[in-house]
Every structure is written in structure tokens, then in C-alpha cells.
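Topology and contacts: notes
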Amino acid sequence: MTQSQRPSLPPLPPPPMPPVNEFEQTNRDMMQMEDIPEDDGSTQFMPASPIMTEPQSPIEAPARPPVPTPPPLPATPPRSFGRSPEQPSLAELVRHAFDEGFSDVHLGVGEKPRMRDRGEMVILEYPEIDENTFMSWLREILKEDEIQRFKKELEFDGATQYEFARVRINIFDSLRGPAMVLRLIPLKILTMEQLRLPMIFQDISDAHKGLILVTGPTGSGKSTTMAAMVDYINKEHPKHIITIEDPVEFVHQSRRSLIKQREVGMHTLKFDNALKAALREDPDIILVGEMRDKETVNTALKAAQTGHLVMGTLHTNSAVKTLERILSLYNAEEREAMRVAIAESLVAIIAQGLCRTTDGKRAAYHDILINTETVKDYIIQGKNDEILELMKDGEFDGMITTNQALFNLYQEGRITEETALELSPTPNEIAMMLRGRI
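For clarity, every value in this text was computed on a predicted model and none was experimentally measured.

Residues with a pLDDT of 70 or more make up 81% of the protein, whose mean pLDDT is 85. The least confident element of the protein, judged by mean pLDDT, is helix H1 (residues 22-33) at 48; the most confident is strand E7 (residues 210-215) at 97. Low pLDDT (under 50) marks residues 73-80, which in the prediction has one contact with non-local residues, meaning those over four places away or in another chain.

In C-alpha cells, the structure reads:
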């Protein structure tokens, strides 16, 4: 109750000290809790200022008994940025793919791991991949500077090798996050006989000079076929073979031939640079992993015309389309001269595809053009339709069309009629062949 609210009374002794403020009352309460006798009034307290809610200087609390120090907490383990415990290591995934005969491993952030089983995608029973897991897989196969290069360029091509297989690596960024595809390459190079390639492949590989093109879409087995051809040359001929690849896939050991393999980005900067340098390295055979541009094609043709055997690949589906693809790199004024250069240099064009067989495996089918004298004339004259008709009747020279190759596989019972129709470039024609009308 304030002074103004009190009733009128006779004079009293001097008024007591003003009530303590909230801070002082708290300290007194603490003193009572500590069983310390209350101040007898001999100690004077500074009354609270009417314009301050806190005292001008804190009142020192009485000493307390020491509080025991709690035992130290266990050290918090550092946060782990490794792969998820539910996910296998990358080596385990690659080993699983190798054991099951799968050709590719597909891994990407936000997706479940997948693998390609003879052309078909298979989803593995693992959780979706998080970024920490993906980066831990990268650290298994890449150096730190290579990881930084991928982060900067958002693309990476390379290769690594395990005890049981070699792996071609492509890493890329995508809408959901980084991803990679691993292509398994057997350490053992299969022979032409094991691949069941036509006998004409040996005759093509025996050529001393000229241009051999092996074409087909990605995953059609071009690298496997070319490796078998190089392996055959390596066993049969004392040659000097230089390969220029991106990256090196099948690793060859020198036998009768001396083999030097170069990887673009590691041993050379560009295909064209390495191809020009190869001409000064006393080669007999030059293998170009991919003829990507006009400059590379020009240099390859020059090498073929100067007495070397050049082997290269393109992404085309047929032999005739390969000719058209090469000529499309040149303008109209240059094409006539290029027709003559190709006609004089070409040994053969082998277009290849893979199909799933009835026993769950895969078989190759081919579209093979051999550069006979008649074919040479047709190339110079630009008679592409006549070249295709010549291939149909050129079995004696080793030529075959895609439809004929598919029909042969069907007759052997290795593929079904549905597979033959699906893969044929001209389904009407093969339908007539299957019904005995051709």
C-alpha cells in the first residue's frame, strides 16, 4: 500500500526503510534458502532509483559451496560423408555386373542402381542413391583432381581396371543430380571364332593398306569386333600397330606385332593431332577410336592413301549410310573429289548390330560392303541404290545385307521371327524372305 492510501494517524516513529526492490528481495530469498541469518539492519541498501528497473551495481551474492564438475561428455563423432550403409561399394556393384554378364552399370543421384542385361535395363534392389554415396563411389575410381575437373566441366570420360574387368567411365550432370555409366570390358579378348564372325573378317584384316570402317550405334559391339581383328593381326602378322582411343578399352599385349595404345586426354590432346603424329611413327596399322569430324576423316584418308591400313568407327546403321555420312561432311564442290578418294582407299565397311537370341544371349548381325571394282565405280558415280543391290548378290565376295544376316540367324533358330522383323531396316523385305517369297 502506498503512502497516499494510508489513513490519517498520529505521528509515528521514523518510517522504515523503503521496501527492497525485486533484485534485493531475490537475494534475501536465496539467503534464507541457504540457511544464512537475515541481515540485522546494520547493512544499508541503496534504494532503487525511480527511473531504473535494475540496481546501478549488482549486489554480490554470498559465497556458495563449490559445485562438483560433471564428467566430460564423450566426443561427438565427426559427420560422415561416405556412402549410405544400405548401399554396396562401387567395386561390389561392378563385380555383380561382371558375374551376371551385364554390360553396363547405371548410377545416378535420386535413382535406384540399374544394370543392362543383354540390351534390357534391370533395376537392383537397393535404395535410391544419395549424393554422399555417389561421391564416395567417385572417390573409389577417380583422383581428387579428376573429381574437380568433373565439377568444373560437368563431363568426364575415363577408364579404370579391376582384377576381373576393365571399365569405361562416363560421368555427367543431370536434372536430378550427377550420374555415371560404367561399361564393362572383358580383360580377355575374344577371337573371331568365339564371336562367330564371318570368315571375310580375316580377309579384311589381312589387307596391307586402305581404310576399314566398323560402324553401328552405341552398344552394338564395334569395340569388341575391332579388338578381335587387331588381336588376329597381332597373332598373324609382324606389324607396328598404333591405336588412338577415347578412352583405351581393350588392352593388347604385343605378340608378333608391336602395339602402342594412346588415350585422348592422357597421351594426346586431340584425335587429329595424334593421327597426324602417327604418320611419323613408322606405323603399319593405325586404329582410330572414332572418326568424329572432317579433319580426322581427311587425315585418315591421307594415311590410307600413303600405304597404311587405317581402321576407324562411325555411328551409322548401314554400309551405304556410312558413305553418305562421310560425304555429308563436305560441301558440294568437295564431294566429287572425296568420292574418288574414298573409292581408291576403301577396303570394307562393316555395319554391325546386336540382337537378343532365343537362349538369352546376344548375337551380332552385319551389313558388309567390300570394295570390289564394281563397287568402286558405283561410289565414284554416286550410285548408292545400285551398291545396295550389288551387296545382295555379292555373297561370293563376302558381302551381306542386314536382312540377309537376320534371316540367317532366324534359320539357325537363334532369333525369333518377331526379332528379325523388329531389327530389319526394311521389314517388308524380310517379311517376304521369312515367308519364302524371296
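Okay, back to it.
Moving on to the pattern of salt bridges. For the structure shown, the criterion picks out 17 salt bridges. Two residues, Asp104 and Arg183, come together in a salt bridge whose shortest N-O distance is 2.5 Å. Separated by 79 residues along the polypeptide, Asp104 in strand E1 (residues 104-108) and Arg183 in strand E6 (residues 179-186) bring together distant segments of the chain. On the basis of relative accessible area, Asp104 is assigned to the buried category, the value being 4%. Through salt bridges with shared partners, a single network forms among Asp231, Lys235 and Arg255.

Before going further, it helps to spend a moment on the packing of helix H3 (residues 131-141) against helix H4 (residues 144-153). The packing of two helices is summarised by the inter-axis angle and the distance between the axes. Between H3 and H4, the least distance of the axes is 9 Å, while the angle of their chain directions is 130 degrees. Judged by the inter-axis angle, H3 sits oblique to H4. Across the interface between the two elements, Met135, Leu138, Arg139 and Ile141 from H3 touch Glu146, Ile147, Phe150 and Lys151 from H4. In the contact of H3 with H4, the residues fall into five nonpolar, no polar and three charged.

Here Ile189 shows up in the loop between E6 and helix H5 (192-195). Between the C-alpha atoms of Ile189 and Phe250, which are 61 residues apart in sequence, the distance is 7.2 Å. Dropping the residues within four chain positions of it, Ile189 is found in contact with Gln194, Ala227, Ala228, Asp231, Phe250, Val251 and His252.

Let us look at unusual backbone geometry. A cis geometry characterises the amide bond from Asp246 onward to Pro247, with omega recorded as -10 degrees. When you line up the elements, Pro247 lands in the loop between strand E8 (240-245) and strand E9 (258-263). Residues other than glycine seldom take positive phi values, yet Leu154 does so here, at roughly 65 degrees. For Leu154, the location among the structural elements is in the loop between H4 and strand E4 (155-161).

A word on the pairing of strand E2 (residues 114-117). A one-sided burial pattern is seen for E2, the buried positions being Met115 and Asp117 and the unburied ones Arg114 and Arg116. Remark: five residues form the turn of the hairpin made by E1 and E2, two consecutive strands paired antiparallel; Gly110 in that turn has positive phi of roughly 85 degrees. Strand direction decides the pairing type here: E2 and strand E3 (residues 120-123), joined by four bridges, are antiparallel. Bridged to Asp117 within E3 is Glu120. Counting the residues in the hairpin turn of E2 and E3 gives two residues, including Arg118, whose phi is positive at 50 degrees.

All right, on to the sheet that holds strand E5 (residues 165-172) then. The strand order E3-E2-E1-E6-E5-E4 describes an open sheet built from six strands, whose pairing is antiparallel. What marks the edges here is a single partner per strand, and that holds for E3 and E4. Recorded for the sheet is a direction-independent mean angle of 20 degrees between the axes of neighbouring strands. With respect to the sheet, helix H2 (residues 90-100) is in contact with E1, E2, E5 and E6, its orientation differing from that of E6 by roughly 50 degrees. Docked against the sheet, H3 engages E1, E4, E5 and E6, running at close to 40 degrees with respect to E6.

The next thing to look at is the sheet that holds strand E12 (residues 346-356). Taken in spatial order, the seven strands of this open sheet run E9-E8-E10-E11-E7-E12-E13, and their pairing is mixed. In this open sheet, the two strands that pair with only one neighbour each are E9 and strand E13 (362-370). The sheet shows a mean angle of 15 degrees between the axes of neighbouring strands, direction not considered.

The next point concerns helix H9 (residues 294-305). When the terminal C-alpha atoms of H9 are compared, their 16 Å separation across twelve residues agrees well with the 16 Å that a helix rising 1.5 Å per residue should span. Among the residues making up H9, those that are buried are Thr296, Val297, Thr299, Ala300, Leu301, Ala303 and Ala304. Tucked inside the fold, the buried residues of H9 contact E7, helix H8 (271-278), strand E10 (285-288), strand E11 (309-314), helix H10 (319-327) and helix H11 (332-345). Note on H9: the residue one or two positions beyond its end, Gly307, has a positive phi of about 100 degrees.

So, about the environment of Glu153. Within the secondary structure, Glu153 sits in helix H4. The sequence separation of Glu153 and Phe172 amounts to 19 residues, and the corresponding C-alpha distance is 9.1 Å.

What follows concerns the side chain of Ser103. The topology assignment puts Ser103 in the loop between H2 and E1. Those residues in contact with Ser103 that sit more than four places away from it in its chain are Arg116, Leu182, Arg183, Leu184 and Arg362.

Our next topic: the packing of helix H12 (residues 373-381) against helix H13 (residues 384-392). Where H12 contacts H13, the axes come no closer than 8 Å and their chain directions differ by 160 degrees. In terms of orientation, H12 and H13 fall into the roughly antiparallel class. Pair H12 / H13 crosses with left-handed handedness. Between H12 and H13, the residues in contact are Thr374, Val375, Tyr378 and Ile379 and Glu386, Ile387 and Leu390, respectively.

Within the secondary structure layout, His267 lies in the loop between E9 and H8. In this structure the C-alpha to C-alpha distance between His267 and Glu245, which are 22 residues apart in sequence, comes to 9.9 Å. Setting aside residues no more than four positions away along its own chain, His267 makes contact with Gln261 and Arg262.

Right, let's get into the packing of aromatic side chains. In total, this model carries two aromatic pairs according to the counting rule given. For the ring pair Phe98 and Phe164, a centre distance of 5.2 Å and an interplane angle of 45 degrees mean the geometry is tilted. You can see Phe98 sitting in helix H2 and its partner Phe164 sitting in the loop between E4 and E5, a full 66 residues away along the chain. Since its relative accessible area comes to 33%, Phe98 is described here as partly exposed. Among the residues examined, Phe164 registers a relative accessible area of 17% and is labelled buried. Note on Tyr162 and Phe164: the rings are 5.6 Å apart at their centroids and 20 degrees apart in plane angle, and the pair reads as stacked. Residue classification places Tyr162 among the buried residues on the basis of a relative accessible area of 17%. In this structure, Arg95 packs its charged tip against the face of Phe164, placed 4.4 Å from the ring centre.

What counts and how
- Residues numbered from 1 in each chain as written.
- Predicted model: local features only at pLDDT ≥ 70, side-chain atom pairs only at ≥ 80, totals over all residues.
- Heavy atoms only, no water.
- pLDDT = per-residue confidence, 0-100.
- Helix = DSSP H or I, 4+ residues; strand = E, 2+ residues; numbered from the N terminus.
- Contact = heavy atoms within 4.5 Å.
- Salt bridge = Lys/Arg side-chain N within 4 Å of Asp/Glu carboxyl O.
- Buried < 20%, exposed > 50% of the residue type's maximum accessible area, 1.4 Å probe, protein only.
- Axes fitted to C-alpha atoms, helices over the stretch in contact; angles between N-to-C directions.
- Parallel < 35°, antiparallel > 145°, perpendicular 65-115°, else oblique.
- Nonpolar A, V, L, I, M, F, W, Y, C, P; charged D, E, K, R; others polar.
- Pairing = 2+ DSSP bridges.
- Expected span 1.5 Å × (residues − 1).
- Left-handed = near helix turned anticlockwise from the far one by under 90°.
- Phe/Tyr/Trp six-rings, centres within 6.5 Å; stacked < 30°, edge-to-face > 60°.
- Lys NZ or Arg CZ within 6 Å of the ring centre and 35° of its normal.

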